[in-house]
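Structural overview for review
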Amino acid sequence: MYFAFFAILGPLGLVIAYIHFLLHANLLTMNVMRFTQLNNGVFHRTLERNGFQYFITRASQNPPPKRYYIPMDTAYFWLDALPWDMAKVVLTITATVFLLLISSVPIVGPILFNVLISPFIGRIYFTTYLRLKKFNNKQRKSRFYEKFGQYTAFGMVAGLLETIPVISSITFVSNSIGSALWAIEDMTDPI
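Presented here is an overview of the structure given in this document.

What counts as what
- Residues numbered from 1 in each chain as written.
- Predicted model: local features only at pLDDT ≥ 70, side-chain atom pairs only at ≥ 80, totals over all residues.
- Heavy atoms only, no water.
- Helix = DSSP H or I, 4+ residues; strand = E, 2+ residues; numbered from the N terminus.
- Buried < 20%, exposed > 50% of the residue type's maximum accessible area, 1.4 Å probe, protein only.
- Contact = heavy atoms within 4.5 Å.
- Patch = residues over 30% accessible without salt bridge, like charges linked within 9 Å, V, L, I, M, F, W, Y side chains within 5 Å.
- Areas by Shrake-Rupley, 256 points an atom, 1.4 Å probe, with all protein chains shown as cover.
- Salt bridge = Lys/Arg side-chain N within 4 Å of Asp/Glu carboxyl O.

Observations regarding unusual backbone geometry
- Here the phi dihedral of I107 falls at roughly 60 degrees; this positive angle occurs in a residue that is not glycine.
- Within the secondary structure, I107 is located in the loop between α5 (75-103) and α6 (108-116).
- Residues other than glycine seldom take positive phi values, yet K134 does so here, at roughly 65 degrees.
- Its location among the elements puts K134 in the loop between α7 (118-132) and α8 (137-146).
- In this structure K134 comes out as partly exposed when scored by relative accessible area, which is 23%.

In structure tokens form, the structure reads like this:
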């Protein structure tokens, strides 16, 4: 990529390729960081500082939700569950390849990538709260579709803030604080 940009645009092409390299490396790093549990400590401290220590204590005392599995020796597993799971894997791989192709567009690609996955960025940040509430996967998915606009708005702002390579680590922490404040608002909402 560097050579192609340099051959076509000269020194400007090299600058564009380097900026794109920084943005793309930051994009991949932030995607990995979001899936780690590193932001849980910041999330919990934010809840504690705002007087919601009882929520964390109560959540740790409740048993985790039951996980159900489908035995492999049933017809349902082979005729329904496995084909659906395989279709999900194929769709996930296709979407990932498509998004990675979009992210390879110079400079604009990583920004567009974050905009396209913004609902899922919001979902990742808010999952800590829903796990503390002992929501199972089905309940979390239902909640995601009920409040899709909120997830998208939060995820878009979080993703765009995390696009800037140098300050993305700071915005990762501030987005974790923001998701905790969103959780506090959700807990105190009378509706």
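Examining the environment of G155
- The topology assignment puts G155 in helix α9 (residues 148-161).
- Accessibility expressed as a relative area gives 0% for G155, which makes it buried.
- C-alpha separation for the pair G155 and F55, spaced 100 residues apart in sequence, amounts to 24 Å.
- Contact partners of G155, with chain neighbours within four places excluded, come to S118, I121 and G122.

Overview of a nonpolar patch on the surface
- Taken together, the side chains of I8, L9, L12, V15 and I19 make up a nonpolar region of the molecular surface, amounting to roughly 480 Å² of accessible area.
- Mapped onto the nonpolar patch, the elements with two or more residues apiece are α1 (2-9) and α2 (11-35).
- The element that contributes the greatest number of residues to the nonpolar patch is α2, accounting for three residues.
- Within the secondary structure, L12 is located in helix α2.
- Note on L12: relative accessible area 53%, which makes it exposed.

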